[in-house]
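One-letter residues, chain by chain:
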Amino acid sequence: MALLSEKCKWIPQVQIKSQKYATACPSIDIYNYHPYSGGGRIILALLLETGRIEPSEELREIVYKCTECGSCAVSCKFLNTLEPLEIIMKLREKLVELGGGPMPKQQEYIEAANKVNNPYNEPHEKRLAWLPKDIRLDPDAKVLYFVGCTSSYRRQEMAIAAARILKAAGIPFNILQDEEFCCGSPILRTGDVKTFKKFLNKNLDVIESKGIDTVIFSCAGCYDTFKVDYPLYREYTFRVLHTVEFFDELLDTGKLKLIKEIPITVTYHDPCHLGRNAERYKDWDGDIVNLMPLVSINIPPKPKRTGSNGIYEPPRNILKKIPGLKFVEMERIKEYAYCCGAGAGVKSAFPEFALQTAKIRIEEAEDTGADTLVSACPFCSTNLQDGIEESGANLKYYDISELILMSLGLEPEKLKEITKEVV
Ligand code: SF4
């Protein structure tokens, strides 16, 4: 039992390369008290479900000081069939139902999304303000670039880079413009499933009305939400790809050619929503058999979501194809990657926790000897850049699309000062 309750705190033993980078969970690393771990939150869920504890300020704070990174789930499922991440999400859903969640800052951004379709409270009609004049949209295109709120309003350099790469490859594409709404990810992660479903339906109604074949995302959060969470509530038929998958295909088919040398040493951070959490649930049509109160078994056993089917090779393939670039790995990678610290509304509700987590990841990146840190998510981008700034690390940060752009011989956009906060 002691071993079981510890497993969620460490990456699986066979994956550990050093004591310094052996841990899995930012929450327990920083708060160092069992309720802040995956195992601790399972116990809290059980206590709340059975009415042995009531919603309280203390409970809310513990439950929401978790980035829902899923690392505890991967470690736990290495040896058994518990689903810690799903239980943590249900715990938040229950707290919201009982009026004990979410955090006030998260409630603010949910209200903003309800009002103006994005959690940043930015004018909906300015969603496309980032689009450069040289980019032509094709209303009949079968490929749709779903930009997402964070790239539309906070990390526009990522949206510009994605659009310019599509243009360079000659891919006709469209953007939903004022018909694009928040994907709902930052809302779902707080446990407000009712509001989340509203956004899911708005987006799917629009996309399905346009005869789209493929939707691509440069935001790992939007991608994971469409790919993994939407089908749990409503099926759709179009293909969803992250831009790293799409661009890797374009490189393989010769539509994109990386020609310019970029003589830097790069390490890559796997975003949780592109890595372990981007693995779809497998269909399961079995029976849940109750053995005794709160103890049940699945017959036949439910397939485990282990994180090993996340998107790991496409970003690495891309980096390895950039001439002159040297690629080095951190110790915790792929499904065992350490979280950047920004997920599940933590950046807005607990910015200090987010920053402390980012600094741990930055140190791991620095220890590789790399001079540049790269990732593929606007939330990771913001929080890791904050971590670099705060720790004074000697690292540059790029989104992977910016490196592709540079290696195509094009310059990434030099943006005027933009608001940095993300939800
Ligand atoms: S989801 Fe991540 S932060 Fe939350 S308990 Fe699990 S490992 Fe810790």
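Here, the structure is the one placed above.
Definitions and limits used
- Residues numbered from 1 in each chain as written.
- Predicted model: local features only at pLDDT ≥ 70, side-chain atom pairs only at ≥ 80, totals over all residues.
- Heavy atoms only, no water.
- Patch = residues over 30% accessible without salt bridge, like charges linked within 9 Å, V, L, I, M, F, W, Y side chains within 5 Å.
- Areas by Shrake-Rupley, 256 points an atom, 1.4 Å probe, with all protein chains shown as cover.
- Salt bridge = Lys/Arg side-chain N within 4 Å of Asp/Glu carboxyl O.
- Helix = DSSP H or I, 4+ residues; strand = E, 2+ residues; numbered from the N terminus.
- Buried < 20%, exposed > 50% of the residue type's maximum accessible area, 1.4 Å probe, protein only.
- Axes fitted to C-alpha atoms, helices over the stretch in contact; angles between N-to-C directions.
- Parallel < 35°, antiparallel > 145°, perpendicular 65-115°, else oblique.
- Contact = heavy atoms within 4.5 Å.
- Nonpolar A, V, L, I, M, F, W, Y, C, P; charged D, E, K, R; others polar.
- Pairing = 2+ DSSP bridges.
- Near = heavy atom within 4 Å.

On the surface, V289, L291, M292, V295, I297 and I299 cluster together into a nonpolar patch covering about 490 Å² of accessible area. For the nonpolar patch, the secondary-structure elements that each account for two or more residues are β6 (287-292) and β7 (295-299). Relative to the assigned elements, I299 resides in strand β7. Here I299 falls in the partly exposed class, since its relative accessible area comes to 43%.

At a minimum axis distance of 11 Å, the contact between helix α11 (residues 193-208) and helix α12 (residues 220-233) shows a crossing angle of 105°. Relative to α12, α11 is oriented roughly perpendicular. Listed contacts from α12 to V193, F196, K197, F199, L200, N203, L204 and I207 of α11 are T225, F226, D229, Y230 and Y233. For the contact of α11 with α12, a count of residues per class yields nine nonpolar, two polar and two charged.

Judged by pairing direction, the sheet is parallel, and its four strands sit side by side in the order β8-β5-β9-β10 without closing on themselves. A single partner strand is all that each edge strand has here, and the edge strands are β8 (326-327) and β10 (396-399). Two strands pair when backbone bridges link them, and strand β9 (residues 372-375) and β10 are joined in this way by four bridges, in the parallel orientation. Bridge pairing in β10 places L373 opposite Y397. Across the sheet, helix α14 (residues 313-321) is in contact with β5 (265-268), β8 and β9; its angle to β5 comes to roughly 175°.

Turning our attention to the site of the ligand. Neighbouring the ligand are 14 residues; C25, R41, C66, C69 and C72 lie closest to it. Elements represented by at least two residues in the shell around the ligand include exactly α2 (26-31), α3 (38-49) and α5 (71-77). Taken together, the residues that form the shell around the ligand break down as six nonpolar, six polar and two charged.

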